Amino acid sequence: MSDSIKRRHFMAALGSLVAGASLAPSPARAATPPPRIPLSRAPGQLASVYDVLVVGSGYGGAVMAARLAPGRSLAVLERGKEWSPDAFATGLVDTLAQFRTASSPLGLFDYRAGGSIDVLSGNGVGGTSLINSSVVLAPDRDIFGRWPQAIRDAYASGAMDGYEARVHSMLGADTVTEADALRKSWFHLSTTAARKRQGAPVQPRALPIAVNLRRYQGQPNAQGVFQAACTHCGDCVTGCRIGAKNSLDVNYLPLARSGGAQIVARIEVDWIERLPDNRWRVHYLARPDSGPAVAGSVVAASVILAAGSLGSTQILLRSQARGLALSPALGTRFSTNGDLLGLAYNTRVQTNVMGFGAAPAPFGLKRVGPTITAMADYRAAGTPVAQRYLIQDAAIPSALVDALRLAMPLAAPGGSDFPALQRIARDVAKRGTDGALNHSMVYLGIGHDSASGKVELDASGNARVLWPGIMKEPFGQRMRAEMALHAQAFGGRYADGPRSSPLFGGAMTTVHPLGGCPMADRVEDGVVDADGRVFNPHGAPQAVYPGLRVIDGAIAPASLGANPLLTIAALAERAADRYRL
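It should be emphasised that the depicted structure is a prediction, and the values quoted were computed from it without experimental measurement.

Any two side chains of opposite charge can pair, on the condition that their charged atoms come close. One pass over the structure, following the stated rule, counts 34 salt bridges. Note that Arg195 and Glu482 form a salt bridge whose closest N and O atoms lie 2.6 Å from each other. In this pair, Arg195 sits in helix H6 (residues 183-197) while Glu482 sits in helix H11 (residues 474-488), placing the two residues 287 residues apart along the sequence. Take Arg195: its relative accessible area is 12%, and that puts it in the buried class. Judged by relative accessible area, Glu482 falls into the buried class, the value being 7%. Taking the shortest distance from any N to any O, the salt bridge between Asp531 and Arg574 comes out at 3.0 Å. Here Asp531, found in the loop between strand S20 (508-510) and strand S21 (533-535), pairs with Arg574, found in helix H12 (residues 565-577); they are 43 residues apart in sequence, far enough to count as distant. Residue Asp531 is classed as buried on the basis of its relative accessible area, which comes to 11%. One network of salt bridges, with partners in common, ties together Arg79, Arg100, Asp110, Arg112, Glu268 and Arg287.

Quick look at the structure:
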């Protein structure tokens, strides 16, 4: 697929970025975040041999690096570059320029367009934490039926509660309050309460998010990284220019570096091979600051793949093609985590969902807020797992505001009354707080799909997802119907995310890819065991390769029905505690 076609698909689905608190009432903002001490080093500083190599710096990799670095020679290999807060985009053109392509491999947004599923993830030191909405939410405890017995036991016994608490503390999770006066939160909680009064099995809830809402006011955090407090600008998912987001580059990764880890950016791992002495050779492509990319390799006694669902699966598929024996389950159990994007357009209520980014706040004290702050929780006790879901509120990042205020009258035409038509006319004329877009609500639905997707390599050797039946999965129909009822509560019109329209290819978009290297108790059923150790199919059913692990979203054998970052990080904390070479 050409870069130009991929860019059109990206534009259609960029709204999916709105999917991965209390301030003093002054709207003043720091003009420029103070400079940070770089975490990473150049590819040329990579040594030839390590005890441990961690491939990827997202939630799995950052946790493993932080916990394993002391007392070991350990390097983190990250394919992207390190992003300072002031390097994040401020407008649509800048955002598109940070789109990762073959000709721009260091772009922040790794958007992989497929025939039926598109996948969006982050590319840089900190992985997807740089562009997600930072929701720190635990899954239900009874959804692990397809997981290894040891994981089911760990959740049932309460052992995972301790790991989740550790992650909450490290990420500084906090919750917005009524004192923040966020209209979008009020709107969503109000429509949720209305649905509850109508008999829907739903609870309105505020969400814990990894954002520095109030703790650090221009001070160094627990890892010595300077952080400003959140300005409620609504731009979490295009990169926080304020430095308030608790992404992994301000907590776990600085901890890893202080423990002795070397974080090496601009190194993309291609494949791995097992050496006769049971060590591993990792083959990579390094992209220096100047000049062409350079192929190289590095040896380690232990390799931890943490490159994300598609990244880790891609590395193992390429390695399998070069002779590494792996489970027949490789590439299976891919899940979108039941992601669905929707919009309640042009309601009667001003919602303040339009992000303003680095510009002065246009709403006075009525700020936008972090991207996601509240949810309608449809996980009532007694509800079958497959029928549970969440509908979360979301802000529109400033880079998309102008594009959406002009596009939405075409995507959701008409109006129920004259005031609705007036709001549309105002949007067409100019950006303003009194238009239709700022009377709308973005919804991110998260539910349970069948995890029937399959990851394979395309002709260029890159991972792609095949799932022809994804558009017919029941979770989508269920959430669309409920989102439409939320929209109607204040006279809005429901609209799907644009990428699902046949005009733009009719594909689903996920910002929470899971699976591809699923966990299981036996090699016949999964790629890794409960500790993330990769099965060796030439041994007994539970035989594993010494020193090879996968610790990231790829190991989930099913959807979680909740934002996955907490589960991925907690599983990594558990795997680090149980680490043995």
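Our next topic: the sheet that holds strand S4 (residues 109-112). The strand order S4-S5-S20 describes an open sheet built from three strands, whose pairing is mixed. Each of the sheet's edge strands pairs with one partner strand only, and the pair in question is S4 and S20. Taken over all neighbouring pairs, the strand axes of this sheet differ in orientation by 15° on average, direction set aside. Relative to S20, strand S5 (residues 117-122) runs parallel, the two sharing three bridges. Residue Ile117 lies in a different strand from S20, and its bridge partner there is Met508.

Here we take up the environment of Lys196. Looking at where Lys196 falls in the secondary structure, it is placed in helix H6. By relative accessible area, which is 39% here, Lys196 ends up partly exposed. Considering only alpha carbons, one finds Lys196 and Ala181, 15 residues apart in sequence, at a separation of 22 Å. Each residue touching Lys196, except ones within four places of it in the same chain, is listed here: Val202 and Gln203.

Before going further, it helps to examine helix H4 (residues 149-157). Looking only at H4, the buried set comprises Ile151, Ala154 and Tyr155. For H4, the arc enclosing every buried residue in end-on projection is 95°, short of the 170-degree limit, so these residues lie on one face. In H4, the exposed positions that point more than 90 degrees away from the buried face belong to Ala156 and Ser157. Packed against the buried residues of H4 are helix H5 (159-171) and H12.

The next subject is the pairing of strand S14 (residues 374-378). By the criterion of burial, S14 is predominantly enclosed, with five of the five residues buried. The side-chain alternation of S14 yields two buried faces, one formed by Ala374, Ala376 and Tyr378 and the other by Met375 and Asp377. Of the pairings in the sheet, the one linking strand S6 (residues 203-206) to S14 comprises four bridges and is antiparallel in character. In the strand pairing of S14, Arg205 is matched with Met375.

We now examine H5. The terminal C-alpha atoms of H5, which comprises 13 residues, lie 19 Å apart, in line with the 18 Å expected from a rise of 1.5 Å per residue. When H5 is considered as a whole, its buried residues turn out to be Met160, Tyr163, Glu164, Val167, Met170 and Leu171. Seen end-on, H5 carries its buried residues on one side only, within an arc spanning 120°. Next to the buried residues of H5 lie helix H2 (59-68), H4, helix H7 (252-258) and H12. Positive backbone phi, approximately 60°, marks Gly172, located one or two places after H5.

Moving on, we come to unusual backbone geometry. Despite not being glycine, Ser134 has its phi angle at roughly 65°, a positive value. Along the chain, Ser134 falls in the loop between S5 and H4. One non-glycine residue, Asn346, adopts positive backbone phi at about 60°. Note on placement: Asn346 falls in the loop between strand S13 (340-345) and S14.

Within the fold, Arg72 resides in the loop between H2 and strand S3 (74-77). Look at Arg72 and you get partly exposed, because its relative accessible area is 32%. When the C-alpha positions of Arg72 and Gly260 are compared, they lie 7.8 Å apart, and in sequence the two are 188 residues distant. Among residues more than four places away in sequence, those in contact with Arg72 are Asp51, Val52 and Tyr579. At a separation of 3.0 Å, a polar atom in the side chain of Arg72 contacts the main-chain carbonyl oxygen of Leu68.

Conventions adopted
- Residues numbered from 1 in each chain as written.
- Predicted model: local features only at pLDDT ≥ 70, side-chain atom pairs only at ≥ 80, totals over all residues.
- Heavy atoms only, no water.
- Salt bridge = Lys/Arg side-chain N within 4 Å of Asp/Glu carboxyl O.
- Helix = DSSP H or I, 4+ residues; strand = E, 2+ residues; numbered from the N terminus.
- Buried < 20%, exposed > 50% of the residue type's maximum accessible area, 1.4 Å probe, protein only.
- Pairing = 2+ DSSP bridges.
- Axes fitted to C-alpha atoms, helices over the stretch in contact; angles between N-to-C directions.
- Contact = heavy atoms within 4.5 Å.
- Arc of directions from axis to C-beta.
- Expected span 1.5 Å × (residues − 1).
- Polar contact = N/O pair within 3.5 Å; in protein donor to acceptor, adjacent residues only side chain to side chain.

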